[in-house]
Every structure is written in C-alpha cells, then in structure tokens.
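So the chains spell out like this:
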Amino acid sequence: MPTAAAEPSVPVPAPGQVPARTAISVRSVVPGLAWGTANESESVSALSLAKLYLIDYALRHGDASAGDKDLGERMIRYSDNAAADAIDAKYPHAIDEIAAEYGLTATHGAAEWGNSSTSTADVSEFLVAKLRSDPDSPILTWMREPGEVAADGTRQDWGTARLPRVQGTKWGWSDTGVPEVSSASFGPGFAVTAHTYGTPEQQTEDVLGAVNTMLDEMVPAPGRELLHVIPGLRLDSFSFTIVV
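Note on numbering: residues in each chain are counted from 1, in written sequence order. Whole-chain, interface and lining totals are the exception, using all residues; otherwise, since this is a predicted model, local features are given only for residues with pLDDT of at least 70 and side-chain atom pairs are given and counted only at 80 or more. Excluding hydrogens and water, the side-chain figures rest on all heavy atoms present in the structure.

### With respect to the overall build of the chain
Inclusion rule: Each helix is a run of H or I in the DSSP string that is no shorter than four residues. Each strand is a run of E no shorter than two, and both are numbered from the N terminus. Think of it in three bands: with a 1.4 Å probe and only protein chains considered, a residue is buried below 20% of the maximum accessible area for its type, exposed above 50%, and partly exposed in between. Residue contacts are counted whenever heavy atoms from the two residues lie within 4.5 Å of one another.
A count of helical and extended segments in the chain gives 8 helices and 9 strands. Within the chain, the fraction of its 244 residues that count as buried is 50%. Residue pairs in contact within the chain that sit at least 24 positions apart in sequence constitute 62% of those at least 6 positions apart.

Take a look at the structure:
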C-alpha cells in the first residue's frame, strides 16, 4: 500500500496558525481530502454566500422560468440584493431545503435571506458537490464571470479569489456594523471558502498565508500521486485525512 513521503514537499499549516478572526475550509473532489481551521464548522452569517443556495434551489426545483435565471445571474455575478429578495420571496424555504439536500448542518434559513447562516465547511462542501455532480450548473459559469464591481459598488477582488488556480468566486460582505467578509472559490478539482470578522484586506492576508501553496498539492493532476505530496496524509479505505 502506498505511503506518504518521508520528506513532505509542502508544509500544510496547522489550523491554529490562522488568526481566529478567519475560518477557512478547503475541499477536494476526492472524497475525504480536506483541510480546515478549527472554526470551519461554526455557523456564521452567510452574508451573500446565501445567494448560492437560493439560486441553486430556484434553478433545480423552481419553475424553470427565464426570470429566475436572470435573477440568478445578477445574484451571483453582481451580488444583487434586490434579485435575491425576489428569489427569497418566491421560494421562502430554499435555503433550508438546500441545507437538507446537501447535508449542510451549519446552514439555516431565516425570515430574510440576509439573516441566514452557514459555515465555511458547508459552502466548500456545497461547491465540490456541484463540481462532482452538476459541473455545467449556471452557478459555476456565473462565478467564473463575476463583475469587477457589485451592484452596490463594492469591488469584488479579495480573499479566496487571489489563490492560484481559482476559476470562479462568489463574495459576501456586511453593509453595516463591524466589518465582516466572505469569499468562496473553486478551481480544477477543489473548492475553498473563507469567512473573516475583519476587512477584505485582512481576509486576503489570512487566506494567502494559509492556503497559497497548498492547492497545487491537493488538486488531482494527471500522473501525480496525491499520497506523496501532502504531509500528514493517510490512506484509509480510499479516504484521505489531514492529520494536524
């Protein structure tokens, strides 16, 4: 049976090395291959990442209208709150239904979508599920083509979007009170999500410090053995576990 290399090529940061203000979750399409901070499963404000769940429900369980698809594009590419309001009013149980369908245990809807909650682990699990089973989803297409500026004038350019090999991103941010931001991205064979009680700049710093060199080693590539490139990787019945 293959074993991990004695001299690992890339240091995987311990979760405690990431500032407590930030939660980060990395998931591979290879089941069980994952890394996350100690707080990755904590339920936090979903911010505009809730729009991923809302439009996934509308696209797959809604009335298949062109109007829903138009609203979805505005929600994902430009983080349009008015579009999200319309979908939320039409499908008021969408977030809870998606949470149940995907097994997202920290994700909960609310009377208004803006008050919903999730975790970075849930968002990354959701995105790798889309990559595995629904790779042609318009959600992924829209994430690949985000507007440089959101509907409210916010520049969409921080956090997980700055990582190598990222192909698409959705961002979230609070409009009032203490700064709070999120970002969720996917690339070939992986998804990564971050939530920060802080500024976009702080999230970018935390994400790049923890994950920047890790993704090349976690992503399946032709001719490369995953077992030999991540320190602490263990093979148990074809399930990979990061040991920290």
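### Here's the deal with the nonpolar core
Definition in use: Working definition of a nonpolar core: buried Ala, Val, Leu, Ile, Met, Phe, Trp, Tyr and Cys residues. They are joined through side-chain atoms within 4.5 Å.
Core analysis: the biggest nonpolar cluster contains 34 residues, and L52, L54, I55, I87 and M143 have the highest contact counts within it. Secondary-structure elements contributing two or more residues to this core are α1 (50-61), α2 (66-78), α3 (81-90), α4 (94-102), α5 (120-133), α6 (138-144) and β6 (181-187). Of the residues forming this core, the biggest block, 7 residues, is contributed by α1. Discounting residues that sit within four places of it in the chain, M143 has contacts with L52, I76, L127, Q167, G168, T169, K170, A184 and F186. Counting residues in each nonpolar core, the second largest holds 13 residues, with V26, F190, V207 and L215 among its members.

### Remarks on the packing of α1 against α5
When two helices pack together, their arrangement is given by the angle between their axes and by how far apart the axes lie. Stated formally: Helix axes use the C-alpha atoms of the stretch in contact, all axes being lines fitted to C-alpha atoms, and the angles between their N-to-C directions lie in the range 0 to 180 degrees. Crossings are sorted by hand: turned counterclockwise from the far helix by less than a right angle, the near helix makes the crossing left-handed, and turned clockwise it makes it right-handed. Following the grouping adopted for this structure description, the nonpolar residues are Ala, Val, Leu, Ile, Met, Phe, Trp, Tyr, Cys and Pro, the charged ones are Asp, Glu, Lys and Arg, and the polar ones are all others, Gly among them.
One can describe the packing of α1 onto α5 by two numbers: an axis separation of 12 Å at closest approach and a directional angle of 35°. The handedness of the crossing between α1 and α5 comes out as left-handed. Contacts between α1 and α5 involve L52, Y53, D56 and R60 from the former and D122, V123, F126 and K130 from the latter. Here the residues of the contact of α1 with α5 sort into 4 nonpolar, no polar and 4 charged.

### Some words on the sheet that holds β6
Keep this limit in mind: What makes two strands pair is DSSP finding at least two bridges between them.
Strand order in this open sheet of 5 strands is β2-β1-β7-β6-β5, and the pairing throughout is antiparallel. The open sheet is flanked by β2 (34-36) and β5 (168-173), the only strands paired with a single partner. Ignoring strand direction, the axes of neighbouring strands in this sheet form an average angle of 5°. Here strand β1 (residues 22-28) runs beside β2; their pairing, made up of 3 bridges, is antiparallel.

### Side note on the pattern of salt bridges
Put simply, the rule is: Only one rule defines a salt bridge in this text: a Lys or Arg side-chain nitrogen within 4 Å of an Asp or Glu carboxyl oxygen.
Applying the stated rule across the entire model yields 15 salt bridges. The partner of D63 in a salt bridge is K90, with the nearest N and O atoms 2.7 Å apart. Residue D63 is found in the loop between α1 and α2, and its partner K90 is found in helix α3; the two are separated by 27 residues along the sequence. For K90, a relative accessible area of 38% puts it in the partly exposed group. Each of the salt bridges in this network shares a partner with another, and the network as a whole consists of D56, R60, E101, K130 and D134.

### Topic: the packing of aromatic side chains
Quick note on the threshold: A pair of Phe, Tyr and Trp rings is counted when the ring centres sit within 6.5 Å of each other, with Trp represented by its six-membered ring. The angle between the planes then sorts it: under 30 degrees is stacked, over 60 is edge-to-face, the rest tilted.
Under the definition given, this model contains 5 aromatic pairs. Members of the aromatic cluster, joined through ring pairs, are Y53, Y102 and F126.

### Considerations on the packing of α1 against α3
Heads up, the condition is: Small angles under 35 degrees read as roughly parallel and large ones over 145 as roughly antiparallel, with 65 to 115 read as roughly perpendicular and the rest as oblique.
As a packed pair, α1 and α3 sit with axes 10 Å apart at the nearest point and diverge in direction by 50°. Here α1 is positioned oblique relative to α3, judged by the angle of their axes. Viewed along their axes, α1 and α3 form a crossing whose handedness is left-handed. Contacts between α1 and α3 pair K51, L54, I55 and A58 from the former with N81, A84, I87 and D88 from the latter. Here the contact of α1 with α3 is composed, by residue class, of 5 nonpolar, 1 polar and 2 charged.

### Digging into the side chain of S79
By the secondary structure assignment, S79 is in the loop between α2 and α3. By relative accessible area, which is 5% here, S79 ends up buried. Beyond its immediate stretch of four places on either side in the chain, S79 contacts S48, K51, R74, A150, Q156, K170, W171 and W173.

### Digging into unusual backbone geometry
Phi at S79 takes a positive value of approximately 50°, unusual for a residue other than glycine. Even without a glycine there, the phi angle at R165 is positive, about 70°. With respect to the helices, strands and loops of the structure, R165 is situated in the loop between α6 and β5.

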